[in-house]
Amino acid sequence: MSDATEPARARHTNPLLNQNRLKLGLFSINGTGAAYTNHPDRFDPTWANTRALVQLADGLGLEVLLSFARWKPFGGDGNASGLTLDPVSWAGAVAAVTEHIAIVSTMHVSVNHPLFVAKAGATIDRISNGRWGLNIVCGWYQAEIEMFGAALKAHEDRYGVADEWIEILERLWTEDKSFDYHGQHFDLKGLYSDPHPVQRRPVIMNAGGSPRGQDYAAQHADCAFVIALDSRPEAIRKQVDAYRKTAREKYGRELQIWTYAHVVQRDTVAQAQAYVDEYSGDQWGNHAAADAFIENNIATAKTAPPEVMASMKKAMMAGAGGIPLLGTPDDIAARMHDVSDAGVDGVLVNWLDYQSGLTDFGGTVLPLLERRGLRAPFNP
């Protein structure tokens, strides 16, 4: 690496690491959004829509745009759950039309080689001047990996792969000379990647759910996601504290803890809930995709009581199982304050119609969050 790049690398801070008590971002806008629904209000990820939305989020001072990665649709060929733009090239394009917000690419250890990720990530980090981040997915969706000719590994072995994967990646980002790597899962010769990222180490996110997955996030991630199976603040606090305890006591590390939510802003909570019931109900809910996701990703699905399965499916169609933020701006701000008080550092907020939803949110809810001391006014 040229020494000329070092001053920029030394002084750069990713937007995800700012001092706002409650950070905010958008999720899944490289596809049709977080909700498993076929409702006509869902997001259409054309480039015109994408550019307008990311520039709106950038101008409001949100911290992050988090893509997701999908190769094989849940629910069969042609299902809307598979309409996904590639999170790498998408991030490069988004980086070029924004100025402040972090852009995170989701990549799977099962199908994305660390050498490719090192080069692609450093490229986007250069385009964005140090605003890129990586969301590592360690789970293995069998239908996807079979398309790549890979073998489905046992749960514990997947994290063995992931441990070696991130070790290789970080060495590629920091070492200036070629190196060999001989592990249990990777046997590679003459590894080398140039340029390195602008950041000394791009921000890493991970959403490990199992005990082994949470341990992986505690060891390697800067930001870990909790999926709020119970959205009461005391239940969220329990999940958050467990994550942080592992990171501090086992690895001597501090983690940001994130979650995600779906927002419906209306004059009353009842009106907002009625809209959720409409787009996640029998007519518009993407039942095939929700059923397939649960079957492939939730280990307890086959043994859960019918009423639990029905609730889980409804939550997936409403907003990928995220926390509901429903009602007036005051209702939404108060609920977000509760989530923050439970120890959460960041929330990915999602709508069906992102453009109008974020516009309303920016004009009404964001000022309330500032008055509550959760965020500072954005002054670029």
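### What to know about the overall build of the protein
Along the backbone of the protein there are 13 helices and 11 strands. In summary, the protein has a C-alpha radius of gyration of 20 Å against a globular reference of 21 Å for 380 residues, a match within 12%. Here the C-alpha coordinates of the protein stretch approximately 60 × 50 × 45 Å along the principal axes. With 380 residues in all, the protein has 53% of them scored as buried. Accessible surface for the protein amounts to roughly 16,200 Å². Of this, 51% is attributable to carbon and sulfur atoms. Positive and negative side-chain charges in the protein, numbering 35 and 45 respectively, have mean positions lying 3 Å apart.

### Remarks on the nonpolar core
Buried together is how nonpolar side chains tend to be arranged in soluble globular proteins. Leu26, Leu65, Met336 and Phe361 are the most contacted members of the largest nonpolar core, which has 106 residues in total. Counting residues per element, this core draws most heavily on helix 6 (residues 155-174), which supplies 9 residues. Contact partners of Leu65, with chain neighbours within four places excluded, come to Leu26, Ile29, Val54, Ala57, Trp90, Val94, Ile101, Ala102, Ile103 and Val104. Core analysis: the next-biggest nonpolar cluster, separate from the first, contains 9 residues, Ala35, Val264, Tyr279 and Leu352 among them.

### Digging into empty space enclosed by the protein
Applying the stated criterion to the full structure yields 1 cavity of 30 Å³ or more. There is about 30 Å³ of room inside the largest cavity. Surrounding the largest cavity, Thr259, Ala261, Ile323, Leu325, Met336, Val339 and Val347 form its lining. Listed by contribution, the elements that provide at least two residues to the lining of the largest cavity are strand 9 (256-265), strand 10 (323-327) and helix 12 (329-341). For the lining of the largest cavity, the class distribution of residues is 6 nonpolar, 1 polar and no charged.

### So, the packing of helix 3 (residues 87-96) against helix 4 (residues 114-128)
Interhelical geometry of helix 3 versus helix 4 gives an angle of 10 degrees and a closest axis separation of 8 Å. One element, helix 3, and the other, helix 4, form an angle in the roughly parallel class. Helix 4 is crossed by helix 3, and the crossing has left-handed handedness. Of helix 4, the residues touching helix 3 (which contributes Val88, Ala91, Gly92, Ala95 and Ala96) are Phe116, Ala120, Ile124, Ile127 and Ser128. Of the residues contributing to the contact of helix 3 with helix 4, the split by class is 8 nonpolar, 2 polar and no charged.

### Notes on the pairing of strand 1 (residues 23-27)
Within strand 1, 5 of the 5 residues are buried, which leaves it mostly tucked inside the rest of the structure. Residues Lys23, Gly25 and Phe27 line one face of strand 1 and the alternating positions Leu24 and Leu26 line the opposite face, and both faces are buried. Examined bridge by bridge, strand 1 and strand 11 (residues 346-350) share 3 bridges and lie parallel to one another. Across the sheet, Lys23 pairs through a bridge with Gly346, a residue of strand 11. At this point the chain moves from strand 1, through helix 2 (residues 47-60), to the parallel strand 2 (residues 64-66), and the crossover so formed is right-handed.

### Side note on the side chain of Arg375
Relative to the assigned elements, Arg375 resides in the segment after helix 13 (354-371). Here the side chain of Arg375 touches Gly61 through a polar contact of 3.0 Å, landing on its backbone oxygen. Separated by 2.9 Å, the side chains of Arg375 and Glu63 make a polar contact. Residues within four places of Arg375 in sequence aside, it is in contact with Asn20, Leu22, Lys23, Leu24, Gly61, Leu62, Glu63, Leu366, Leu369 and Glu370.

### Thoughts on the layout of surface pockets
Looking at the second largest pocket, its volume works out to about 280 Å³. Looking at the second largest pocket, it is lined by 17 residues, and the ones nearest its centre are Pro15, Asn18, Gly61, His100 and Phe378.

### A word on helix 9 (residues 269-279)
For helix 9, the full list of buried residues reads Ala272, Tyr275, Val276 and Tyr279. For helix 9, the angular spread of buried residues about the axis comes to 100 degrees, placing them on one side. Where helix 9 is buried, its residues touch strand 9, helix 11 (306-319) and strand 10.

### Here's the deal with the environment of Ile294
With respect to the helices and strands, the residue Ile294 is situated in helix 10 (residues 287-297). On the basis of relative accessible area, Ile294 is assigned to the buried category, the value being 1%. Taking the C-alpha atoms as reference points, Ile294 and Met309, separated by 15 residues in sequence, lie 8.8 Å from one another.

Conventions we followed
- Residues numbered from 1 in each chain as written.
- Predicted model: local features only at pLDDT ≥ 70, side-chain atom pairs only at ≥ 80, totals over all residues.
- Heavy atoms only, no water.
- Helix = DSSP H or I, 4+ residues; strand = E, 2+ residues; numbered from the N terminus.
- Rg over C-alpha atoms; globule rule 2.2 N^0.38 Å.
- Buried < 20%, exposed > 50% of the residue type's maximum accessible area, 1.4 Å probe, protein only.
- Areas by Shrake-Rupley, 256 points an atom, 1.4 Å probe, with all protein chains shown as cover.
- Lys, Arg positive; Asp, Glu negative; His and termini not counted.
- Charge placed at Lys NZ, Arg CZ, Asp CG, Glu CD.
- Core = buried A, V, L, I, M, F, W, Y, C linked by side-chain atoms within 4.5 Å.
- Contact = heavy atoms within 4.5 Å.
- 1 Å grid on protein atoms, 1.4 Å probe; cavity = no way out; pocket = protein on both sides within 12 Å on 5 of 7 lines; lining within 4 Å.
- Points joined across faces, edges and corners; volume = space filled by probe spheres on them.
- Nonpolar A, V, L, I, M, F, W, Y, C, P; charged D, E, K, R; others polar.
- Axes fitted to C-alpha atoms, helices over the stretch in contact; angles between N-to-C directions.
- Parallel < 35°, antiparallel > 145°, perpendicular 65-115°, else oblique.
- Left-handed = near helix turned anticlockwise from the far one by under 90°.
- Pairing = 2+ DSSP bridges.
- Right-handed = clockwise from strand over helix to strand, strands pointing away.
- Polar contact = N/O pair within 3.5 Å; in protein donor to acceptor, adjacent residues only side chain to side chain.
- Arc of directions from axis to C-beta.

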